[in-house]
Structures are given as C-alpha cells and as structure tokens.
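# Coordinate inspection notes
Residue-level listing of the chains:
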Amino acid sequence: MFSTKFAVNSLQRNRSTAWRSFSKTTATFADQYDVVIVGGGPGGYVAAIKSAQLGMKTACVEMRGRLGGTCLNVGCIPSKALLQSSHHYHDAKHHFADHGIVFDGDLSMDIDKMQDTKSKTVEGLTGGIEYLLKKYGVDYVKGKGKITGPNGVEVALTDGGSESLDTKNIIIASGSEVTPLPPVPVDNAGGKVVDSTGALEIGTIPKKMAVVGGGVIGLEMGSVWSRLGAEVTVIEFLDRILPMNDTEVAKKFQTILKKQGFKFNLKTKVVKSVVEDDGVVLTTEPSKGGDAKEEKFDVVLVSTGRRPYTEGLGLEDVGIQTDKLGRIEVDSHFKTAVPSIFAIGDAISGPMLAHKAEEEGIACVETIAGFAGHVCYDAIPGVVYTYPEVADVGKTEEELKEAGIAYNVGNFPFAANSRARANGSADGFVKVLADKETDKILGVHIIGPNAGEMIAEAVIAIEYGASSEDMARTCHAHPTLSEAFKEACMDTYDQPIHF
Ligand SMILES: Cc1cc2nc3c(=O)[nH]c(=O)nc-3n(C[C@H](O)[C@H](O)[C@H](O)COP(=O)(O)OP(=O)(O)OC[C@H]3O[C@@H](n4cnc5c(N)ncnc54)[C@H](O)[C@@H]3O)c2cc1C
C-alpha cells in the first residue's frame, strides 16, 4: 500500500515537470501525454480511467462517435437489453399462469418499444462513460487514430482536420469486427442477411430465422427472436454447439434449447445464399461434403466469429507484428515489438470478452506506471446469457483429460435445489472439477438460472486457490441457488446432502 502511494505521488510530480520539455504540436489537446489509448471500448476506456487515476496524463481516441466500444454500443449491453425484454414476454406468455397470473386480453409484443428501451439503455451508459472520462481528467479525442511512430498518434478528427498527439506510451485497444462468411454476405441495411449488429435492429419478428454458427452470440440472439415467436434453426459446421465449453454442459444446453423450439443442423455448412424479395434461400451441405439442400428463411444471422480490428492503425509502418489470425503480438506485459506501444482486449489473443479487455486495460497501465500489473487467465469467466444461462471458469473435463491431469468431478442438479424448485426453474446443474490429489478447484461449469451471477463465487475460488472442501464448508444462505454450488463441491470431495 505504502509503496503504491509513494510511486503514484512521484509519478504525478514527474508529470508536471519532465513531460513539459517536449515540443508543441497543434493546439486543441494537451501537448504531451503519458498515455494515449486508441479505442474507447471496455479495454480502452477502463485503461484510460485507471491511467488518469494513477496520475498519468491520458487521452482516449475513439472514432465511433460514442464511447463504450462494441460492448456498450453493439454487443454486451444492447443484446442483454433485448434478452431481458424477450425473457419478460416469454415468461408472461408461458409461465405466469403457473403462478396464477392470468391475462384476460391478448398478450402482444411492441417491438418498437423494446428497441427504444434498448437504445435508451445504450445512450445512458455510453454517456456515463463520457462523464467518467471527464471526471478523471482524460482527454476524449473524437476521431480515427493512426500510429505514426513510437511516440506519435495522428488523429483524423471526426469534425474535420487532424491532431497530432505526442505521448510517452501508446495503448492499442482497437477491438474486433465480424469475420465475413463469403457464401453469405451480410447486408444489415437490407435486414435479411444480418450480423450481430443487424440482429440487434430487427424491426419485425421473423417467422423463420437461420442462425449460422452455434456459438455464444448466435445462441443469444437466436434466443431473443425465438422467445418472440420466430422458428430458429441453428446451422453449425461442427458436431456440437458452444465448441469452447465443457461437452456435457453443451449437450445439456442443446437439449434445453430444443425443448424451447430451436432446431439444430449440426455438421452442416452453408455454401450459398440467394436474397429474394420475400426471404433468403440458403444452400447447405454436410460439413464433410454430400448432397446439398435448400431452405428459405425470412432472416439469416451470420454469427461465425469475430476477428481483431486493426485497419488503418499503421502497424506495419512502425514494425508491429500480427499473427495469422490478425491478433497483435504482445509479451506477457502487453508490450508489442515497439517498447512504448502496448495492445489489449479483442485486438490481442485470448477470449474476446469485455471483462478480459478491462482486466488487461488495468494491468497494462499499472505496468506502464511501474507496478506489477497482472491478469489471471485461469480465472476468466464466460457466460451465455440465455435462459437458463451457461457459465464457466477454468478447465473443461476435456482439457484436463488432454493435459493428463487426474481429477474428481462433483455434480449437483438444480432439480434438487429448493430455491430453483420454488422458482419453478430447475433445469441444469453445477459441475465442479478438482485436482484428484490436492482437491484444488480447476474448473466450474454451471447451466441453470442465474449461472452468470453464480459463477463469480467459482472465479474467486479459483483465483484464491480454494479446494472443493473449502467451498463446501463455507456457509451459504438458504434458500439460494448458490447452495447448488456448495453441494456440487460436497459431491466433489465427499457426498452432497440433498441428492
Ligand atoms: C453481440 C455481441 C454480444 C456480446 N456480448 C458480450 C457479453 O455479454 N459479455 C462479454 O464479456 N463480451 C461480450 N461481447 C464481446 C465484447 O463486446 C468485446 O469482447 C469487447 O467489447 C472488447 O473490448 P475492446 O475494448 O477490446 O474492443 P471494442 O469494444 O471493440 O472497442 C474498440 C473501440 O476502438 C475503436 N477503434 C478502433 N480502431 C480505432 C482507431 N484507429 N481510432 C479510434 N478508434 C478506434 C472502435 O470504434 C471501438 O469502439 C459481445 C460482442 C458482441 C458483438
């Protein structure tokens, strides 16, 4: 604690003296920065706030016109707003009667109102980030940034003209974009073949919707429109959905989604799409080749993945390498081949998740400020925000087998959890994987109500190196869903009580 304060204070003193000696550039913004961040998404804006909190003079360059990046504008937040609205509708239509709540008239869905609520949420939150940058004294530079050298960023300003920013350090937080799928070109404006951004803007409920790609984004957006009445077919190249998740969980999840009305064409590839006046004809084939089939859909969502966005940054000119997937190469301290230039978030390797980008943003600026910035990559949770939710942290059973690590498995179904039963939502289970010899928790996989909130306890367990017995002997409030985690831990090293 003492050393941190001392270092921050000395940094603040340095800022007011040393940096002033640099020559002036054009006028609008401060003439010398400690840190310039290119990109105002969760990685970039969090890095900017932390950098300013550490006493460094900071600018954040963003070209979108709004802060918050993919996450707040066209990702996490708008998708969760639509998931929430559609969940309310689905619940009201299919489950309220179980609780004695009966509508006399028809229940209907006002899509414009739902979209309006989503837009207001996005507006409020992105405005909030702008307020935070102001509060902490970060210069928000609106425009597209290009790196001109180890200490220079040239910004083509949104309002015209350009600005040269001199800086001791640069952090690239330029994020990611949708990876195109050549047989199915996206046209969000047309509204028939859309990517995730277009799927957030659909104005009428499609009768038939195809989701190409059975990953997190496809299943979340598919859920929104399925709950509202669309017949959703998932077309997936592999033999399973959620390829990064534990297989047992992914299988259970697929069964639950099927019960909700989803159709699945696994081991199938899309080879052609033809847009017609009244829909889109998709031609598919078995992944390994074989007879082609045609089917017409009102809307096709292409959700086969995202790739780093580094266009126009001028990386090659300053000697920064990207790997074959386009990810900027960095060392374990986020440093590129140029010592004063760092990169974080979706633009580098690792899971493309907002919270991963944020952790990297903090660790990166702490490293720049001379502290021991660190991210524990074993303890980054992943969540699918469907109903029920799917959440995981740490290793899957398949990964442990492949690494030759002996493990114990504990499992507890929500059907045996009193709160889940009282809530009338008891599909799913908690699965705990712990080292056979030491009992240290190595992975936790949850499919069930509120899994996205429940996983936080497992993240802490992994971060602090807890054993399954540690967690099982920790008192959990009753009746809560988190008792299922406690009992799964009991099952891992001994036996559960309620199953
Ligand atoms: C539909 C959808 C749902 C998602 N849901 C979740 C979720 O629930 N949870 C989760 O953790 N993650 C989710 N994600 C992923 C999450 O949005 C990203 O992992 C996260 O936003 C990455 O943060 P970032 O800061 O690295 O990049 P981004 O958020 O992509 O931000 C980068 C920013 O940099 C700007 N930029 C790029 N180049 C320049 C330049 N040269 N000059 C100026 N500005 C530039 C871009 O305009 C952009 O605003 C979702 C993504 C999508 C598409």
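A quick note: this is a predicted structure, and the numbers were derived from the prediction, not measured.

### Comments concerning the overall build of the protein
Counting its secondary structure elements, the protein contains 15 helices and 21 strands. In terms of overall size, the protein behaves like a compact globule, its C-alpha atoms giving a radius of gyration of 25 Å where 499 residues would be expected to give roughly 23 Å. Buried positions account for 44% of the 499 residues belonging to the protein. Restricting to contacts in the protein with at least 6 residues of sequence separation, those with at least 24 account for 64%.

### A few points about the site of the ligand
Surrounding the ligand, one finds 36 residues, the nearest of these being G39, G41, G69, G175 and G345. Taken together, the elements giving at least two residues each to the shell around the ligand come down to helix 2 (42–53), strand 2 (58–62), helix 3 (69–74), helix 4 (76–94), strand 3 (139–149) and helix 10 (354–368). Residues belonging to the shell around the ligand are distributed by class as follows: 15 nonpolar, 17 polar and four charged.

### Focus: helix 7 (residues 216–227)
Counted at 1.5 Å a residue, the expected span for helix 7 with its 12 residues is 16 Å, and the 16 Å between its end C-alpha atoms agrees. Helix 7 sits mainly inside the fold: 12 of its 12 residues count as buried. Taken as a whole, helix 7 has its buried residues at V216, I217, G218, L219, E220, M221, G222, S223, V224, W225, S226 and R227. Taken together, the buried residues of helix 7 touch helix 4, helix 6 (196–199), strand 8 (208–212), strand 9 (231–235), strand 14 (299–302) and strand 17 (382–384). Downstream of helix 7 by one or two residues, G229 has phi in the positive range, about 120 degrees.

### Some thoughts on the domain arrangement of the protein
Segmentation of the protein into domains returns domain 1 (2–70 + 120–177 + 307–375), domain 2 (193–304) and domain 3 (379–493). One C-alpha centre belongs to domain 1, the other to domain 3; they are set 36 Å apart.

### Concerning the packing of helix 4 against helix 5 (residues 111–135)
Relative orientation of the contacting elements helix 4 and helix 5 amounts to 145 degrees, with a least axis distance of 9 Å. Viewed along their axes, helix 4 and helix 5 form a crossing whose handedness is right-handed. Only M114, T117, K118, T121, V122 and L125 of helix 5 make contact with helix 4, whose side of the interface consists of I77, P78, A81, L82 and S85. When the residues that make up the contact of helix 4 with helix 5 are grouped by side-chain class, the tally is seven nonpolar, three polar and one charged.

### Here we look at the confidence of the model for the protein
Summing up the model confidence of the protein, the mean pLDDT is 94 and the portion of residues at 70 or higher is 94%. Note that pLDDT drops below 50 for residues 1–27; the model gives that stretch 27 contacts with residues more than four away or on any other chain.

### Some details on the UniProt feature "binding site: FAD" (unreviewed entry) in the protein
UniProt records the feature "binding site: FAD" (unreviewed entry) at K80, G145, D346, M352, L353, A354 and H355, using the numbering of this structure. Across 276 residues, the annotated set is spatially dispersed, with a maximum C-alpha separation of 29.8 Å. Along the chain, D346 turns up in the loop between strand 16 (341–343) and helix 10. According to the C-beta neighbour criterion, D346 is buried, with 31 such atoms within 10 Å. Filtering out sequence-adjacent residues up to four positions away, D346 remains in contact with G175, S176, R306, P308, M352 and A357. Turning to its location among the elements, L353 is positioned in the loop between strand 16 and helix 10. Judged by C-beta crowding, with 19 C-beta atoms within 10 Å, L353 ranks as partly exposed. In this structure, L353 is in contact with I380 and G382, ignoring residues within four places of it in sequence.

### Topic: the UniProt feature "binding site: NAD(+)" (unreviewed entry) in the protein
The sites that carry the UniProt feature "binding site: NAD(+)" (unreviewed entry) are, in the present numbering, G213, G214, G215, V216, I217, G218, L219, E220, E236 and G305. In this structure, G214 sits in the loop between strand 8 and helix 7. Contact partners of G214, with chain neighbours within four places excluded, come to L219, V234, E236, I241 and L242. Taking the C-beta count within 10 Å as the criterion, G218 has 26 such neighbours and is therefore assigned buried. With residues up to four places along the chain from it excluded, the contact list for G218 reads V211, G213, V234, L301 and S303.

Analysis parameters
- Residues numbered from 1 in each chain as written.
- Predicted model: local features only at pLDDT ≥ 70, side-chain atom pairs only at ≥ 80, totals over all residues.
- Helix = DSSP H or I, 4+ residues; strand = E, 2+ residues; numbered from the N terminus.
- Rg over C-alpha atoms; globule rule 2.2 N^0.38 Å.
- Buried ≥ 20, exposed ≤ 12 C-beta atoms within 10 Å, placed from the backbone.
- Contact = placed C-beta atoms within 7 Å.
- Near = placed C-beta within 6 Å.
- Nonpolar A, V, L, I, M, F, W, Y, C, P; charged D, E, K, R; others polar.
- Expected span 1.5 Å × (residues − 1).
- Domains from an automatic or database assignment.
- Axes fitted to C-alpha atoms, helices over the stretch in contact; angles between N-to-C directions.
- Left-handed = near helix turned anticlockwise from the far one by under 90°.
- pLDDT = per-residue confidence, 0-100.
- UniProt positions renumbered as here; feature names shortened; annotations may be inferred.

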